[in-house]
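Listed here are the chains, written in short residue letters.
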Amino acid sequence: VQLQASGGGLVQAGGSLRLSCLASTSPFRMYVLGWYRQAPGKQRESVATITGTGSTNYADSVKGRFTISRDNAKNMVYLQMNSLKPEDAAVYYCNAVRYNPYGAYWGQGTLVTVSS
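Nothing here was measured: the structure is a model prediction, and the numbers come from that model. (Residues numbered from 1 in each chain as written. Predicted model: local features only at pLDDT ≥ 70, side-chain atom pairs only at ≥ 80, totals over all residues. Heavy atoms only, no water.)

Draft legend 1. Molecular detail of the state of the cysteines. Under the criterion given, the structure shown has one disulfide. Paired by a disulfide, C21 and C94 hold their sulfur atoms 2.1 Å apart. When the S-S torsion is 50°, as for the bridge of C21 with C94, the disulfide is right-handed. Taken together, the positions of C21 in strand β3 (residues 17-23) and C94 in strand β9 (residues 90-99) put the pair 73 residues apart, joining distant regions of the chain. (Disulfide = S-S within 2.5 Å. Helix = DSSP H or I, 4+ residues; strand = E, 2+ residues; numbered from the N terminus.)

Structure follows, in structure tokens:
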């Protein structure tokens, strides 16, 4: 299983970025997909997750600003990030989890930098 994240970059506070992740997981719908982030000196935290049927969950800190979505036909998961804040700066990782049988996989991370 491979996950390839892209779309990170430098953006000013208040700006937007869209992260993308191509997942080689199969069957794609069986996986819960997620975006996590890790800032320097901090633990990795969950940002948003989406099930195969489209149910989503968000960290309180990003609710109303970030939107996770998936395209099951293209094996893609996205994270639309709006109204970015300096505290959103981190390395963002995409994640895929299957529960029966269990398997968890991580992408390589993409860096998001937000200037104030």
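Draft legend 2. View of the pairing of strand β5 (residues 45-50). Note: strand β4 (residues 32-38) against β5, five bridges, orientation antiparallel. Its bridge partner lying in β5, L33 is registered against I50. Sheet topology note: the β5/strand β6 (residues 56-58) ladder contains three bridges and is antiparallel. For A48, the partnering residue across the bridge sits in β6 and is Y58. Where β5 hands over to β6, the hairpin turn is made up of five residues, of which G54 adopts a positive phi near 95°. (Pairing = 2+ DSSP bridges.)

Draft legend 3. Representation of the side chain of T110. Within the fold, T110 resides in strand β11 (residues 110-115). Residue class for T110 comes out buried when judged on its relative accessible area of 10%. Within the structure, T110 has its side chain in polar contact with the backbone nitrogen of G8 (distance 3.0 Å). If near-sequence neighbours (up to four positions away) are discounted, T110 is found in contact with A5, S6, G7, G8, L19, A90, V91 and Y92. (Buried < 20%, exposed > 50% of the residue type's maximum accessible area, 1.4 Å probe, protein only. Polar contact = N/O pair within 3.5 Å; in protein donor to acceptor, adjacent residues only side chain to side chain. Contact = heavy atoms within 4.5 Å.)

Draft legend 4. Examining the environment of D60 more closely. Structurally, D60 is set in the loop between β6 and β7 (66-71). Reaching out from D60, the side chain makes a polar contact with the side chain of K63 at a distance of 3.1 Å.

Draft legend 5. Geometry of the sheet that holds strand β8 (residues 76-81). Read from one edge to the other, the open sheet built from four strands follows the order β1-β3-β8-β7, with strand pairing classed as antiparallel. With one partner strand each, in any of the chains shown, β1 (3-6) and β7 form the two edges of the open sheet. The mean angle between the axes of side-by-side strands here comes to 15°, regardless of whether they run parallel or antiparallel. (Axes fitted to C-alpha atoms, helices over the stretch in contact; angles between N-to-C directions.)

Draft legend 6. Seen up close, unusual backbone geometry. Residue S26 is joined to P27 through a cis peptide bond whose omega torsion reads -5°. With respect to the helices, strands and loops of the structure, P27 is situated in the loop between β3 and β4. Residue P101 is bonded to the preceding N100 through a cis peptide linkage, with omega at -5°. Here P101 lies in the loop between β9 and β10 (102-106). The phi angle at N75 is positive, at roughly 60°, despite the residue not being glycine. Inspection of the secondary structure assignment puts N75 in the loop between β7 and β8. With a phi close to 50°, S83 is a non-glycine residue in the positive phi region. Examined against the element boundaries, S83 turns out to sit in the loop between β8 and β9.

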